[in-house]
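Topology and contacts: notes
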Amino acid sequence: MTSTPPPSSLDPEIAARLKRGADGLVPAIAQQYDTGEVLMLGWMDDEALHRTLTTGRCTYWSRSRREYWVKGDTSGHFQWVKSVALDCDADTLLVKVDQVGAACHTGAGTCFDDDVLLAPDADRSSAPAQ
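Residues numbered from 1 in each chain as written. Predicted model: local features only at pLDDT ≥ 70, side-chain atom pairs only at ≥ 80, totals over all residues. Heavy atoms only, no water.

**Thoughts on unusual backbone geometry**
Residues other than glycine seldom take positive phi values, yet R66 does so here, at roughly 55°. Looking at where R66 falls in the secondary structure, it is placed in the loop between β3 (59-62) and β4 (67-70). Exposure remark for R66: the relative accessible area of 62% places this residue in the exposed category. Unlike most non-glycine residues, A90 shows phi in positive territory, near 65°. By the secondary structure assignment, A90 is in the loop between β5 (79-86) and β6 (93-99). (Helix = DSSP H or I, 4+ residues; strand = E, 2+ residues; numbered from the N terminus. Buried < 20%, exposed > 50% of the residue type's maximum accessible area, 1.4 Å probe, protein only.)

**What to know about the environment of A15**
Relative to the assigned elements, A15 resides in helix α1 (residues 12-17). Considered as a pair, A15 and E47 are 32 residues apart in the sequence and their alpha carbons are 9.8 Å apart.

**Notes on a nonpolar patch on the surface**
Nonpolar side chains collect at one region of the surface, where V38, L41 and F112 lie side by side and expose about 270 Å² of accessible area between them. By the secondary structure assignment, L41 is in strand β2 (residues 38-44). Exposure remark for L41: the relative accessible area of 42% places this residue in the partly exposed category. (Patch = residues over 30% accessible without salt bridge, like charges linked within 9 Å, V, L, I, M, F, W, Y side chains within 5 Å. Areas by Shrake-Rupley, 256 points an atom, 1.4 Å probe, with all protein chains shown as cover. Salt bridge = Lys/Arg side-chain N within 4 Å of Asp/Glu carboxyl O.)

As structure tokens, this is what we get:
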């Protein structure tokens, strides 16, 4: 018996373009399609990307649970896919979604709400000129 996952149904032309990490995953940034707000970062392998492209719902690979999860199946906080783009290096996906409910597993609107390291209105007048 092998632990190798079955071949993905992802379009071979798309699969050939992806630059994956050593673990076979590509980071996927979820962004609210109409406001541009960055919601979260998840991970996709070829099969998760295939499912995302064909179902219209974000499917991610859970690195901790080692299984696929569809955003909203347990929380009710769905991500309806509006578009998917590959960045210029082919190593990151941008998934524009219509987020229903909280994006973060903590219940926050985004995964970036609670730990701001530098606020947009911070005074940077003492920063050296570039």
